[in-house]
Amino acid sequence: MTPTVAVLSLKGGVGKSTVTLGLAGAAWARDLSVLVVDCDPQANATLSMDPAPFTFTLNDVLADGRPGIARDAIVPSGWGARVHVLPSEEALAHRDSAHDVASPARLRLSLTGVGDDYDLVLLDCPPALGQLTRNSLGAADLALVVTEPGFFALRGAAQAIQAIEAARGSINLGLKPAGIVVNRMRPNLNEHQYRLRELKAAYPHLLLEPIVPERSAVQQAQGAGLPVQAWPSPGARDVTEAFDDLLDALLAHAP
Amino acid sequence: MAKPAPTPRPALTKSPDAQVHPVSGRSTEDLHLVRSTSFKPSKGGATTADAVITSAGSAKHGKLVDVTVRMPKSMRKKLRAIAKERGQTMDDVVNGILAGSLPR
């Protein structure tokens, strides 16, 4: 069964899209087929995957809501034939209001049968517990929490863990936490080391290794519309190795 | 008896609010950004492993360190002019001069 993974945090700017793209890139490097569903109206993952010109987005898919309709909006990314994207756009924010996407199962319904075409499906969530994140948790088998080693981010991670637990008890009984990814680590900062220890103490069984280091290659690759795995710099190699190991950890959790 | 052909599923259509900004309610406009086009090795700090050291002396002489040196403005001006002419950084020029004049 193809794992569908929601990548979330309830704090913005911690690198949800970066982790989504890093994992998609790790899958790309292994020649796995992967679908990235961009559930964030900021559409950063869409931009970075450099898809061919497209007409439809997740906004249209959720507004329609029919089983399997997501297939009509999926386009190949600029990364290669085996990496596809269900694009986002700013107007997707319309779907985040409670009255608009009434059911948290709407995304799951629209993705019916779509996962069979891929080895991995990644859902890049927005940084809030609105209908888009609830729909992502409703559609996923695994929930991956992203944080950076900072006070606010750790609080956002804790809230995300609570949201996963709440979703498991209501909208998606099959949902499992895949773990917590620490992103943008700068080991030379005492504050980062302190927060990492704090995180290990609080979630000893959820913290995933390795920690993703802060590297400017990540932004450079995103700006170029390339997977970081294709970016030729020493920093990119560090990040590539981390995402490759994280993909292994993620697939080990797959149903 | 032949079964009737199934009616094709109606295709996905654009949501009516697709061109409406979620906050302002006005039409949306795209911002066109320029892609990063090439890898430019940088001489960044130790906090990023993207620092690819390319200056003349670095590979030979090990890790780069910061040294503050006071000099006449006119000399700095000359160094800048040389760097510009050669397409190098000030660090490259100064390192090159020092490497040529210091004993090995």
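What you see is a predicted model; the values in this text were computed from it and never measured.

### Regarding the sheet that holds strand S3 (residues 75–77) of chain A
All names here are of chain A.
Point 1. A sheet is described by the order of its strands in space; here 7 strands give the open sequence S3-S4-S2-S5-S1-S6-S7, paired in mixed fashion. Every interior strand has two partners, whereas the edge strands, S3 and strand S7 (176–182), have only one. For this sheet the average axis-to-axis angle between neighbouring strands, irrespective of direction, equals 30°.
Point 2. Where helix H6 (residues 151–168) meets the sheet, its contacts fall on strand S1 (4–8), strand S6 (142–147) and S7, and the angle it forms with S6 comes to roughly 170°.

### Observations regarding the interface of chain B and chain A
Point 1. Chain B puts 21 residues into the contact, and the matching count from chain A is 41 residues.
Point 2. Across the chain B to chain A interface the summed buried area is about 2,400 Å²; carbon plus sulfur atoms make up 49%.
Point 3. For the pair chain B and chain A, the number of links is 4 salt bridges.
Point 4. With a closest N to O distance of 2.8 Å, Arg95(A) and Asp17(B) form a salt bridge.
Point 5. Summed over the shared surface of chain B and chain A, the number is 11 residue pairs in polar contact (both at pLDDT 80 or more).
Point 6. Classifying every residue of the side of chain B that touches chain A by side-chain character gives 9 nonpolar, 7 polar and 5 charged.

### Overview of the side chain of Ser136(A)
All names here are of chain A.
Point 1. Structurally, Ser136 can be placed in helix H5 (residues 131–139).
Point 2. Ser136 gets classed as buried once you look at its relative accessible area, which sits at 0%.
Point 3. A polar side-chain atom of Ser136 sits 2.9 Å from the main-chain carbonyl oxygen of Leu132.
Point 4. Not counting residues up to four positions away in its chain, the partners in contact with Ser136 are Ala6, Cys39, Leu107, Leu123 and Cys125.

### A few points about the packing of aromatic side chains
Point 1. What the rule picks out here adds up to 1 aromatic pair over all chains.
Point 2. Where Phe151(A) meets Phe152(A), the ring centres are 5.7 Å apart and the plane angle is 55°; that geometry is what we call tilted.

### Quick word on the confidence of the model for chain B
Point 1. When pLDDT is averaged along chain B, the result is 71, and 64% of the positions lie at 70 or above.
Point 2. Within chain B, helix H2 (residues 73–86) of chain B carries the highest mean pLDDT (84), whereas helix H1 (residues 58–61) of chain B carries the lowest (47).

### As for the pairing of strand S2 (residues 34–38) of chain A
Residues and elements named next belong to chain A.
Point 1. Extensive coverage of S2 is indicated by the burial of 5 of its 5 residues.
Point 2. Neither face of S2 is open: one carries Val34, Val36 and Asp38, the other Leu35 and Val37, and all of them are buried.
Point 3. Of the strand pairs in this sheet, S2 and strand S5 (residues 120–124) are connected by 5 bridges, and their pairing is parallel. Residue pairing in the sheet places Val34 in a bridge with Leu120 of S5.

### Quick notes on a nonpolar patch on the surface
Residues and elements named next belong to chain B.
Point 1. The grouping of Val65, Val67, Val69, Met71 and Met75 at the surface amounts to a nonpolar patch, some 490 Å² of accessible area in total.
Point 2. Tracing the sequence through the fold places Val69 in the loop between H1 and H2.
Point 3. The exposed category is assigned to Val69, whose relative accessible area is 56%.

### Considering the pattern of salt bridges
Residues and elements named next belong to chain A.
Point 1. Across all of its chains, the model carries 15 salt bridges over all chains by this definition.
Point 2. Close ionic contact of Asp64 with Arg66 constitutes a salt bridge, the shortest N to O distance being 2.8 Å.
Point 3. Salt-bridge contacts for Glu191 lead to Arg195; the nearest nitrogen and oxygen are separated by 2.7 Å. Taken as a pair, Glu191 and Arg195 lie in helix H7 (residues 190–202) at a separation of 4 residues, close to a single helical turn.
Point 4. Each of the salt bridges in this network shares a partner with another, and the network as a whole consists of Arg30, Asp244 and Asp248.

Basis of the calculations
Residues numbered from 1 in each chain as written. Chains lettered and ligands numbered in written order. Predicted model: local features only at pLDDT ≥ 70, side-chain atom pairs only at ≥ 80, totals over all residues. Heavy atoms only, no water. Pairing = 2+ DSSP bridges. Helix = DSSP H or I, 4+ residues; strand = E, 2+ residues; numbered from the N terminus. Axes fitted to C-alpha atoms, helices over the stretch in contact; angles between N-to-C directions. Contact = heavy atoms within 4.5 Å. Buried area = accessible area lost by both parts, 1.4 Å probe. Salt bridge = Lys/Arg side-chain N within 4 Å of Asp/Glu carboxyl O. Polar contact = N/O pair within 3.5 Å; in protein donor to acceptor, adjacent residues only side chain to side chain. Nonpolar A, V, L, I, M, F, W, Y, C, P; charged D, E, K, R; others polar. Buried < 20%, exposed > 50% of the residue type's maximum accessible area, 1.4 Å probe, protein only. Phe/Tyr/Trp six-rings, centres within 6.5 Å; stacked < 30°, edge-to-face > 60°. pLDDT = per-residue confidence, 0-100. Patch = residues over 30% accessible without salt bridge, like charges linked within 9 Å, V, L, I, M, F, W, Y side chains within 5 Å. Areas by Shrake-Rupley, 256 points an atom, 1.4 Å probe, with all protein chains shown as cover.

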